[in-house]
Amino acid sequence: NQSTSATAGASGQLGTNSALRMMEQLATRQERAYERLYTFLQYFLGIGSATPNSHHNVPTSSNDTGRSFSASDVSQFGALGRFSDGDDMDEAFGHPIIRRALRVLRHSPAHHVHALELIASSRRTEVTRRFLLALTSGYGGMAPLEMRAHDP
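Rules used in this analysis
Residues numbered from 1 in each chain as written. Predicted model: local features only at pLDDT ≥ 70, side-chain atom pairs only at ≥ 80, totals over all residues. Heavy atoms only, no water. Helix = DSSP H or I, 4+ residues; strand = E, 2+ residues; numbered from the N terminus. Buried < 20%, exposed > 50% of the residue type's maximum accessible area, 1.4 Å probe, protein only. Contact = heavy atoms within 4.5 Å. Core = buried A, V, L, I, M, F, W, Y, C linked by side-chain atoms within 4.5 Å. Patch = residues over 30% accessible without salt bridge, like charges linked within 9 Å, V, L, I, M, F, W, Y side chains within 5 Å. Areas by Shrake-Rupley, 256 points an atom, 1.4 Å probe, with all protein chains shown as cover. Salt bridge = Lys/Arg side-chain N within 4 Å of Asp/Glu carboxyl O. Lys, Arg positive; Asp, Glu negative; His and termini not counted. Charge placed at Lys NZ, Arg CZ, Asp CG, Glu CD. Polar contact = N/O pair within 3.5 Å; in protein donor to acceptor, adjacent residues only side chain to side chain.

Draft legend 1. Quick peek at the overall build of the protein. For the protein, the count of helices and strands is 6 helices and 0 strands. Its helices and strands in sequence order give the protein the pattern α-α-α-α-α-α, from N to C terminus. Scored against the burial criterion, the 152 residues of the protein give a buried share of 26%. In the protein, once contacts between residues fewer than 6 apart in sequence are set aside, the share between residues at least 24 apart is 60%.

Okay, here's the thing in C-alpha cells:
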C-alpha cells in the first residue's frame, strides 16, 4: 500500500514538472515567434535595425532621378525596396500582412509599441526629407519653395 501511494505521489510530481517544463518551452517558442515577426516587420518595411542599408540611392536633390529596383535590389533593401513616395509608404503600412502582423504583436506589448514607434519615426523621417528636398531643390518637377518665397 505504501509503495503504491509513494509511486502515485512521485508520478503526480513528475506530471507537474513535465507540465511546467512544457509551459516554459511553449512560452519560449512564443516569445521567439514574436521576435521573428517583429524582425520580419522591420525588414519588410525597411525600418529599424533589421534593414540592410536602406538609405542608398535616396534622392537628395532634384538632380537625382528615381530608379527602378531589380530583383537584386529587393534582396538588398527588403521586400518593398525603398519607397518612392508617401503613397507607396502608406500602401505598405496598409498591406494586409503588415496589419495582421501588428494585430498579432498586440499580444507582446513591448514588440508592438516598439514597432509602432519605428513606423512613426520612419514616416516622420521621410516627410521631413521630402519637405527639405522641396524647400531647397524642388520636388516632383516643381521649383524649390525658396524660389517662391517673397522674403526681403
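Draft legend 2. Broad picture of the nonpolar core. Core analysis: the biggest nonpolar cluster contains 16 residues, and Leu41, Leu45, Ile98, Leu102, Leu105, Ala115 and Ile119 have the highest contact counts within it. Considering each element in turn, this core owes the most residues, 5 residues, to helix H1 (residues 2-45).

Draft legend 3. Region of the structure containing a positive patch on the surface. Residues Arg99, Arg100, Arg103 and Arg106 make up a contiguous surface patch of positive charge. Locating Arg100 in the fold gives a position in helix H4 (residues 96-105). Judged by its relative accessible area of 56%, Arg100 is exposed.

Draft legend 4. Seen up close, a nonpolar patch on the surface. Nonpolar side chains collect at one region of the surface, where Phe131, Leu132 and Leu145 lie side by side and expose about 270 Å² of accessible area between them. Looking at the element boundaries, Phe131 is found in helix H5 (residues 109-136). Classification of Phe131 by relative accessible area gives partly exposed; the value is 46%.

Draft legend 5. Expanded view of the side chain of Glu126. Position of Glu126 relative to the elements: it lies in helix H5. Judged by relative accessible area, Glu126 falls into the buried class, the value being 3%. At 2.8 Å, the side chain of Glu126 and the side chain of Arg129 are in polar contact.

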